[in-house]
Every structure is written in C-alpha cells, then in structure tokens.
Amino acid sequence: MKRSLFGRLWPNVTAVLLFIGFVFPVYWMFATAFKPTGDIISETPVWFPTDVTFDHFKTAVDADHFWTMVANSLIVTVLAVVFSLVVALLGAFALARMRFKGRRGFIIGFMCAQMAPWEVMIIAIYMIVRDASMLNSLVPLTLFYTMMILPFTILTLRGFVAAVPKELEESAMVDGCTRPQAFRLVILPLLAPGLMSTSMFGFITAWNEFPLVLVVNKEAGAQTLPLWLSSFQTVFGDDWGATMAASSLFAVPILILFVFLQRKAVSGLTAGAVKG
Amino acid sequence: MTVQTERPPSGPADVSKTAGGASGGPAPRAASRAGALAPYLLLLPAVAATVLLLGWPLLKDLLLSFQNLNMAQLIQHATEWNGIENYRQVLTGEDFWRVTLRSILFTAVNVALIMAAGTLIGLLLARLGKRMRVTLLIGLVLAWAMPVVAATTVYKWLFAQRFGVVNWVLDKLGWHSMADYSWTSSQMSTFFVVTLLIVWMSIPFVAINLYAATTTIPGELYEAAALDGAGAWRSFTTVTMPFLRPFLYATTFLEIIWVFKAFVQVFSFNGGGPDRLTEILPVYAYVEGVGNQHYGMGAAIAVLTILIMLGLTAYYLRIVLKQEEDEA
C-alpha cells in the first residue's frame with residue numbers, strides 16, 4: 001500500500017512532538033538539578049545545562065534527616081516486599097495448584113482487596129495506630145505496606161506458579177520428593193524471574209506511598225522520602241535547583257527499576273499495582 | 001489481551017486450569033484429610049493479614065463514623081457515640097454534594113482525556129516504523145515511571161509563577177498576561193495543571209497496553225476485510241474496534257477508579273486550595289477529618305466515598321470476570 005508523503009510524514013511528526021511532551025518534564029527535572037542557580041532563575045530559560053554543578057545535590061543530601069529518611073524508606077519498603085512475597089507465595093501456590101471449595105471466592109476476594117481505597121482509610125488507620133501507641137514508628141508502616149502490595153503479589157505469583165509445568169513437580173514427586181520438597185527444589189528456582197519482577201512492582205508501590213505516612217508519622221525521624229520531598233519546597237522556599245535535585249534522587253531508583261521492567265510492564269502485568 | 005489482574009499473560013492459567021483438572025483427578029483422591037486442609041492452611045496467613053490490616057481499618061472507619069470525635073475526645077481517648085449525626089450533617093450540608101459533584105466531573109474529564117488520547121497514541125504506535133515506535137515508547141515509559149510525588153513537584157516547577165518555563169513560553173507566544181501568572185491562585189487553573197499531570201502520567205499505561213493489544217489482532221482479519229472491499233475506516237470499525245472493545249472497557253473502569261482517588265496529585269500540588277475549591281472526595285475527607293480535626297465527620301465522608309468506590313469496583317470486577325469466562 002502506497003502512502004502519500006503527507007501520509008508518511010504526519011505519524012512521525014506527531015510521534016516526535018508527543019515524545020517531547022512526555023519526556024520534557026523528566027528532562028527538565030534533571031536539567032534544573034544540574035544547572036547553576038544563575039541559570040535557573042534567569043528571565044530566559046537555559047534549555048541545556050552547559051556548566052554542570054552538583055551543588056544542588058549537595059544541598060538536598062545535606063538537608064535535615066535526609067539519610068534517616070533514606071534508611072526509613074529502604075527498611076519499610078524492603079521489609080514490606082519480603083513479607084508480602086513470603087505470605088503471597090504460600091497463597092499463590094494453593095490458588096494455582098490445588099482444587100478446593102471456595103477457590104474462586106478467594107481469588108475474587110483478593111481482587112477486591114487489590115482495589116482497596118487506602119487513600120480514604122487513613123483516618124481509621126490513624127486511630128488504630130494511635131490506640132496501639134505506635135505513632136511515629138516504622139512497624140505499622142511496614143505492616144500496612146505489606147498489605148497494600150499483598151493482593152497484587154498473590155494474584156501475579158499465582159500466574160507464575162501456574163506457568164510452571166505441573167509435570168515437573170509430579171516427576172519430582174515420583175522420584176521421591178514430598179510436595180514441599182518438590183516446591184522448594186523444582187518450582188521455586190523456576191519462579192525466580194517472576195518473584196523478581198513482582199517484588200519490583202511491590203517496591204515501587206511502597207516506595208511511593210504518601211497519604212498514610214503523612215498522617216501516621218509526624219515526627220521527621222520516622223518519616224519516609226515522599227514526605228521529605230513534598231515538604232522540601234516548603235522548607236527551601238523557591239530553591240528549585242535543590243528541589244529538583246531532591247526529586248531526581250527520589251525518582252532515579254524507580255526510573256531504573258521501571259526501565260528494567262519495561263517488558264513486563266508492557267505485557268500488562270501492572271494492572272492496579274504501579275498506580276493505584 | 002485484556003487488562004486483568006487475575007491472569008497475567010506470562011501465566012497461561014486457562015491452559016493449566018484444564019490441564020490441572022485432567023491430570024489432578026486421581027491425586028486429590030489419594031491425599032489424606034490433611035491434604036484437603038492444605039490449601040486453607042497455605043492461604044491462612046494471607047487471609048489473616050487481609051482481615052487484620054484491611055478488614056479492621058474498614059470496620060474501624062465505619063465505627064468512627066458513628067462517633068462524635070473531635071480534638072477534645074481525641075486527647076481524652078473518649079468514645080462518644082452520636083448515632084447518625086455525622087451522616088446527617090454531611091448529607092444535609094452543601095459541601096459534601098458540591099465536592100461529590102466536583103469529584104465526578106473531575107474524574108469524567110480526566111478519564112475522557114486519558115482514554116481518548118491514550119487510544120489515539122496506542123493506534124499511532126501500531127502505525128509507526130520501528131525506530132520511531134521505540135523512541136515514543138521510551139518517552140512514554142519515562143513518564144509512566146515517574147513517582148507521583150516527584151512528578152507533582154516537577155509540575156510545580158514547570159508552572160511556577162516566577163521562572164516557570166510554561167509561563168515563559170506562553171509569554172513568548174504572545175500571551176503576555178501569563179508572564180507572571182500564578183497557576184495555584186484559582187480553582188480552574190489548579191485543576192488545569194492537576195488534570196494535565198494526571199493525564200500525562202496515565203496515558204502511557206493505556207497507550208502501551210492498547211498497542212500491545214493491537215499486535216494480537218491476526219493479520220488475516222485485515223486481509224479478509226480488504227478482500228471484502230473494506231477501506232481503512234471500515235476495517236478499523238469492523239476489525240480493530242471489536243477486538244479492542246473489551247480491553248477499552250476494562251481500562252476505562254480502572255482509570256475511573258484510579259482518578260477518583262487521586263489524592264496525592266491534588267493534595268501535594270495545591271493542598272486542595274485555593275480556598276478548598278479543588279478538594280475532591282479523598283482530599284475532602286482528609287482535610288475535614290485530619291486537618292480540621294473532625295475525625296468522626298471525616299470518617300463518615302470516608303465511608304460514603306468508599307461506598308461509591310465499592311460500586312465502581314464491583315462493576316469493574318464484573319466486567320473482568322465476565323471477560324475471563326467468555327475467553328475460557
């Protein structure tokens with residue numbers, strides 16, 4: 001099929017414009033972070049950072065509690081991912097490999113749980129945490145983050161477990177393995193890629209969580225990076241260089257993970273997980 | 001390929017389901033009573049966590065909504081039941097209805113834009129050559145990957161009153177009154193930026209998945225349509241659209257649910273301001289409950305919001321489950 005010059009041109013031109021539109025905010029974040037302040041507050045925008053400076057990153061990193069919050073974010077996120085993986089793996093195995101009454105009900109239940117409106121439940125969670133005298137602690141955060149990513153982890157792992165050929169497991173059992181042994185020696189190694197990508201999506205969700213920690217942990221020592229970033233501008237006024245450096249520091253781990261995960265993301269694995 | 005959470009494409013659950021049904025026949029019979037209990041035991045930790053960490057807060061929210069719980073009661077740890085007083089106040093007040101209407105309009109506009117633009121970009125991706133497609137995909141993935149709080153902060157900077165790049169461009173384009181425009185100063189301008197932000201970060205999901213869905217359409221269908229004398233438009237409406245419809249249906253609902261509870265974008269861009277004019281339901285519940293320390297009232301608003309969300313979610317799950325049955 002032959003197309004006119006216009007017919008061949010417009011999709012490419014549109015694509016270039018769209019590319020610029022989608023990339024520009026991300027680009028501008030990094031560009032601003034590396035520009036000297038003089039270039040940031042200039043009447044005419046400096047489109048490309050010519051003399052690169054790391055001063056803004058230094059300001060961001062030297063901000064109060066930065067390293068505490070990095071540690072908090074890492075602890076909470078990693079623990080939540082590990083806990084939910086362990087709990088989900090058991091459940092996913094049952095849902096994928098066993099026939100039992102109420103199986104479909106469990107699946108629908110987890111699908112509902114995945115859609116839970118956490119943003120609106122923060123008042124209730126605040127009261128629960130306060131009544132347990134656990135405000136400004138990382139324990140409730142870890143527990144609730146575990147729960148936030150658990151339904152997605154179960155449902156996704158169920159797919160991965162189902163994808164491992166049943167015959168492998170059966171032949172291991174014929175060879176004298178018990179079912180738990182067959183699971184550990186045969187299924188688990190084959191699940192590794194699935195576990196990796198599932199846990200990364202969990203990581204992204206927990207890393208980004210904002211409303212709950214906003215309400216539950218008022219003390220800076222127990223806060224996580226999203227709060228640090230959102231309060232950054234209040235503290236530093238219009239120091240956009242430092243603010244963008246802070247945004248970059250916060251976003252880079254996720255950007256890297258996401259680009260790494262792109263393939264999986266494209267295959268529609270993300271429903272409800274990354275944004276939710 | 002549809003957007004469904006129950007069955008990721010990497011795991012052909014349908015296949016293994018039938019396989020499991022056939023070969024799993026004799027195995028359970030041989031299993032002991034303990035074997036019959038095994039699935040429930042394996043699911044126990046997950047179910048316990050769900051009941052404790054999701055069920056309990058939901059119940060707590062319901063209980064709080066029937067209490068008179070303000071600053072004083074909070075400090076004294078006092079429980080004062082006041083029946084349906086909170087609901088009476090919320091439902092007879094003007095605010096709740098105004099915020100609800102605003103939330104619905106906000107969601108409708110956002111989702112309409114996301115779906116329209118996302119679909120068009122998805123179809124464009126299918127039409128592009130390989131190099132351009134990969135380029136555009138990279139752009140989309142970057143926007144998709146940006147963490148919400150970081151993206152919101154960046155948009156604040158793009159739309160900053162002083163030295164913001166958007167105002168500069170508008171000024172250069174001849175719109176000189178925009179040179180020092182404060183985007184956070186009015187309801188509509190705040191909503192404009194928040195909408196742009198949400199649409200920007202939501203399109204990639206729709207576009208990329210839609211593109212992936214178009215790749216699953218068998219080429220023979222188009223050949224057959226061409227043989228029947230169908231033009232480009234006709235083969236689009238008779239081949240492409242019917243194929244994509246279930247996907248679009250499910251995605252629309254997913255987007256409705258996500259946009260309806262877009263707390264972070266609205267709250268961290270302008271805190272629901274100016275003058276509380278951009279509060280959508282989740283932000284309203286937070287400001288009323290935690291900000292103004294009317295915890296009982298906030299809980300009542302939250303319960304009402306959750307009921308709306310529950311309706312939306314039930315409808316979404318019905319679509320997804322029905323699709324799965326049709327496919328099986």
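Residues numbered from 1 in each chain as written. Chains lettered and ligands numbered in written order. Predicted model: local features only at pLDDT ≥ 70, side-chain atom pairs only at ≥ 80, totals over all residues.

This part covers the nonpolar core. Ranked by internal contacts, the top residues of the largest apolar core, which has 172 residues, are A:I123, A:I125 and A:V161. Not counting residues up to four positions away in its chain, the partners in contact with A:I125 are A:F144, A:L212, A:V216 and B:P57. (Core = buried A, V, L, I, M, F, W, Y, C linked by C-beta atoms within 7 Å. Buried ≥ 20, exposed ≤ 12 C-beta atoms within 10 Å, placed from the backbone. Contact = placed C-beta atoms within 7 Å.)

With that settled, the discussion passes to the domain arrangement of chain B. Its domain assignment divides chain B into domain 1 (10-51) and domain 2 (85-327). Measuring from the centre of the C-alpha atoms in domain 1 of chain B to the corresponding centre in domain 2 of chain B gives 38 Å. (Domains from an automatic or database assignment.)

UniProt's feature table lists "domain: ABC transmembrane type-1" (unreviewed entry) at residues 100-316 of chain B, given in the numbering used throughout. Between the first and last C-alpha atoms of residues 100-316 of chain B the distance is 20 Å; the span itself is 78% helix and 0% strand. (UniProt positions renumbered as here; feature names shortened; annotations may be inferred. Helix = DSSP H or I, 4+ residues; strand = E, 2+ residues; numbered from the N terminus.)

Right, let's get into the UniProt feature "transmembrane region" (unreviewed entry) in chain B. Residue and element names in this part refer to chain B. The feature "transmembrane region" (unreviewed entry), as annotated in UniProt, sits at residues 37-59, 104-125, 137-158, 191-212, 247-267 and 295-317 in this numbering. The span residues 37-59 shows a helical share of 100% and a strand share of 0%, and its end C-alpha atoms are spaced 29 Å apart. For the annotated span residues 295-317, helix accounts for 100% and strand for 0% of the residues, and the straight-line distance between the end C-alpha atoms is 31 Å.

Turning next to the UniProt feature "transmembrane region" (unreviewed entry) in chain A. Residues and elements named next belong to chain A. Under the feature "transmembrane region" (unreviewed entry), the UniProt entry names residues 12-30, 74-95, 107-129, 141-164, 185-207 and 240-261. A helix fraction of 100% and a strand fraction of 0% characterise residues 12-30, whose end C-alpha atoms lie 26 Å from each other. Counted over residues 141-164, helix gives 96% and strand 0%. Its end C-alpha atoms are 34 Å apart.

A cis amide bond links B:G273 with the next residue in sequence, B:P274, at an omega value of 0°. Following the sequence through the fold, B:P274 ends up in the loop between α13 (263-270) and α14 (281-291). Positive phi is not limited to glycine here, since A:S133 has a value of about 50°. Position of A:S133 relative to the elements: it lies in the loop between α6 (122-131) and α7 (138-163).

Take the interface of chain B and chain A next. The extent of an interface is frequently quoted as the accessible surface area lost upon association of the parts. Facing 87 residues of chain B, the contacting portion of chain A comprises 85 residues. Its residues assigned to classes, the side of chain B that touches chain A shows 62 nonpolar, 18 polar and 7 charged. (Nonpolar A, V, L, I, M, F, W, Y, C, P; charged D, E, K, R; others polar.)

This brings us to the environment of A:T198. Residue and element names in this part refer to chain A. Examined against the element boundaries, T198 turns out to sit in helix α9 (residues 179-208). Residue T198 is classed as buried on the basis of its 30 C-beta neighbours within 10 Å. Along the primary structure T198 and D238 are separated by 40 residues, whereas in three dimensions their C-alpha atoms are 38 Å apart. The contact partners of T198, leaving out residues within four places of it in the chain, are T153, T156 and L157.

For α13(B), a buried count of 8 out of 8 residues is recorded, marking the element as mostly surrounded by other parts of the structure. Of all the residues in α13(B), the buried ones are B:F263, B:V264, B:Q265, B:V266, B:F267, B:S268, B:F269 and B:N270. Buried-residue contacts for α13(B) involve α10 (211-216) and α11 (225-236) of chain A together with α8 (148-158), α10 (187-214) and α14 of chain B. Backbone geometry just downstream of α13(B) places B:G271 in the positive-phi region, at approximately 60°.

The next subject is the packing of helix α1 (residues 5-34) of chain A against helix α6 (residues 94-127) of chain B. For any two helices packed against each other, one specifies the crossing angle of their axes together with the interaxial distance. Viewed as axis vectors pointing N to C, α1(A) and α6(B) meet at an angle of 125°, and their least axial separation amounts to 10 Å. In this view, α1(A) runs oblique relative to α6(B), as classed from their interaxial angle. By crossing handedness, the relation of α1(A) to α6(B) is classed as left-handed. Taking contact as the criterion, the partners of A:P11, A:T14, A:A15 and A:L18 in α1(A) are, on α6(B), B:I121, B:L124 and B:R127. (Axes fitted to C-alpha atoms, helices over the stretch in contact; angles between N-to-C directions. Parallel < 35°, antiparallel > 145°, perpendicular 65-115°, else oblique. Left-handed = near helix turned anticlockwise from the far one by under 90°.)

Let us look at the domain arrangement of chain A. All names here are of chain A. When the domains of chain A are assigned, the result is domain 1 (5-53) and domain 2 (65-266). Between the C-alpha centres of domain 1 and domain 2 there is a distance of 33 Å. Contacts between the two partners involve 7 residues from domain 1 and, on the opposite side, 6 residues from domain 2. Looking at the side of domain 1 that touches domain 2, the elements that each hand over two or more residues are α1 and α2 (37-40). When grouped by side-chain class, the residues that make up the side of domain 1 that touches domain 2 number 4 nonpolar, 2 polar and 1 charged.

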